[in-house]
Amino acid sequence: MFELDDLSVTRDGREILHVGRLSLGTEGVTAVLGHNGSGKSTLMALLARQIRPDAGRIALEGRALDGYRQRDLARRVSFLPQRLPPVAGLNMRDLVGLGRFAWRGALGRMGARDHAVIAQAMLDTGCEALADHLVDTASGGERQRAWIAMLLAQEAPALLLDEPTAALDLAHAYEVMALLHRLSRVAKRRVVVILHDVNLAARYADRIVALKQGHVTFDGPPRAFLDPEVLRSLYGIEMTILPHPDGHPQAAVA
Ligand SMILES: Nc1ncnc2c1ncn2[C@@H]1O[C@H](COP(=O)(O)OP(=O)(O)OP(=O)(O)O)[C@@H](O)[C@H]1O
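Given the structure is predicted, the values throughout are model-derived calculations rather than measurements.

(A) How the structure looks around the overall build of the protein chain. Helix and strand content of the protein chain: nine helices and twelve strands. Expected size for 254 residues packed as a compact globule is a radius of gyration near 18 Å; at 18 Å, the protein chain falls within 12% of this value. With respect to the principal axes defined by its C-alpha atoms, the protein chain has extents near 55 × 45 × 35 Å. Split into buried and exposed, the 254 residues of the protein chain put 38% on the buried side.

(B) Seen up close, the nonpolar core. A31, V96, A146, A149, L160, V193 and A201 are the most contacted members of the largest nonpolar core, which totals 69 residues. By residue number, the principal contributor to this core is helix α5 (residues 140–153), which donates eight residues.

(C) Up close: unusual backbone geometry. Positive phi, normally seen in glycine, also occurs at E163, with a value near 50 degrees. Locating E163 in the fold gives a position in the loop between β7 (158–162) and α6 (170–186). Although it is not a glycine, Q213 sits at a positive phi angle of roughly 45 degrees. Secondary-structure assignment places Q213 in the loop between β9 (207–212) and β10 (215–220).

(D) The arrangement of the environment of V9 in detail. The topology assignment puts V9 in strand β1 (residues 2–11). Look past the residues within four positions of V9 in its chain and what remains in contact with it is I16, L17, T42, P53 and D54.

(E) Structural context of the site of the ligand. Near the ligand you find R11, D12, I16, G34, N36, G37, S38, G39, K40, S41 and T42, and these make up its full shell. Here the element with the most residues in the shell around the ligand is helix α1 (residues 40–47); it accounts for three residues. The residue makeup of the shell around the ligand, split by class, is one nonpolar, seven polar and three charged.

(F) Representation of the packing of helix α4 (residues 112–124) against α5. Direction vectors running N to C along α4 and α5 enclose 140 degrees, while the axes themselves pass 8 Å from each other. On the basis of their axis angle, the class for α4 and α5 is oblique. Handedness of the α4/α5 crossing: right-handed. Along the contact surface, α4 presents V117, I118, A121, M122 and D124, while α5 presents A149, L152 and A153. Here the residues of the contact of α4 with α5 sort into seven nonpolar, no polar and one charged.

(G) Summary view of the sheet that holds strand β5 (residues 63–64). The strand order across the open sheet formed by four strands is β2-β1-β4-β5, and the pairing between neighbours is antiparallel. Edge strands, defined here as strands with exactly one partner in the open sheet, are β2 (14–24) and β5. Where strand β4 (residues 55–60) meets β5, two bridges bridge the pair, whose relative direction is antiparallel. Each residue of the ladder has a partner; that of L60, found in β5, is R63. Where α1 meets the sheet, it contacts β1, β2 and β4, and its direction lies at approximately 55 degrees from that of β2.

Here is what the cut-offs are and how they apply
Residues numbered from 1 in each chain as written. Predicted model: local features only at pLDDT ≥ 70, side-chain atom pairs only at ≥ 80, totals over all residues. Helix = DSSP H or I, 4+ residues; strand = E, 2+ residues; numbered from the N terminus. Rg over C-alpha atoms; globule rule 2.2 N^0.38 Å. Buried ≥ 20, exposed ≤ 12 C-beta atoms within 10 Å, placed from the backbone. Core = buried A, V, L, I, M, F, W, Y, C linked by C-beta atoms within 7 Å. Contact = placed C-beta atoms within 7 Å. Near = placed C-beta within 6 Å. Nonpolar A, V, L, I, M, F, W, Y, C, P; charged D, E, K, R; others polar. Axes fitted to C-alpha atoms, helices over the stretch in contact; angles between N-to-C directions. Parallel < 35°, antiparallel > 145°, perpendicular 65-115°, else oblique. Left-handed = near helix turned anticlockwise from the far one by under 90°. Pairing = 2+ DSSP bridges.

What follows is the structure, given as structure tokens:
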């Protein structure tokens, strides 16, 4: 879906990201991992066209990302940033409804299909009972789920999420990842998600891309990622890999 070629981003005279050739969004779920400041959010902001590279090219479905009109891009790519803006006065349903902006007709009115998509997105994220609650007074996790529902309502085939589970309790973190995994299978969505939890990533991702100091240092399947040497080189910490009854190995600090 995304083709990156010799990309570079420089800030304050320092190259914070350099990516050679890389395809993203080709698998169901791709998890992007790496230490704090390794360039994950910068990479995702490039894919979502929130920032432009200082050098290099990004193509989406064979066309330069730069060439898409905003509405066309929004129909193909949805993006959940790490820092969510306050949304004074909006209830959860209104927020999720904003996800329909790229699909509404000339007068901006919503039809039966829009309402059905919004209701389904709220159901999928477990926030249907909170529909009338103000977003800004909801808990961090409830708010996060409403934003994820907004993303689903956008119905773009590519979903980019920057640490969507950061504010979620254990159960909701696993539920959200299970939902993204399911969407990749049932609705053929392509998910690129930044995560810090290696076990969550290994369980739900089809592919892991790891960044270290602005460079891709690992790109492969979760089983190859859950390796003490790979994890030591990435995070500088000794990890041990433990079997799990359901077949997914788990990493634990040694
Ligand atoms: N606008 C900017 N100006 C200066 N430095 C920046 C800017 N944006 C990012 N950086 C720096 O670039 C590096 C990569 O930042 P980025 O936010 O992409 O990292 P990250 O891997 O997402 O980190 P985290 O896991 O902490 O969210 C960091 O050192 C950050 O301080």
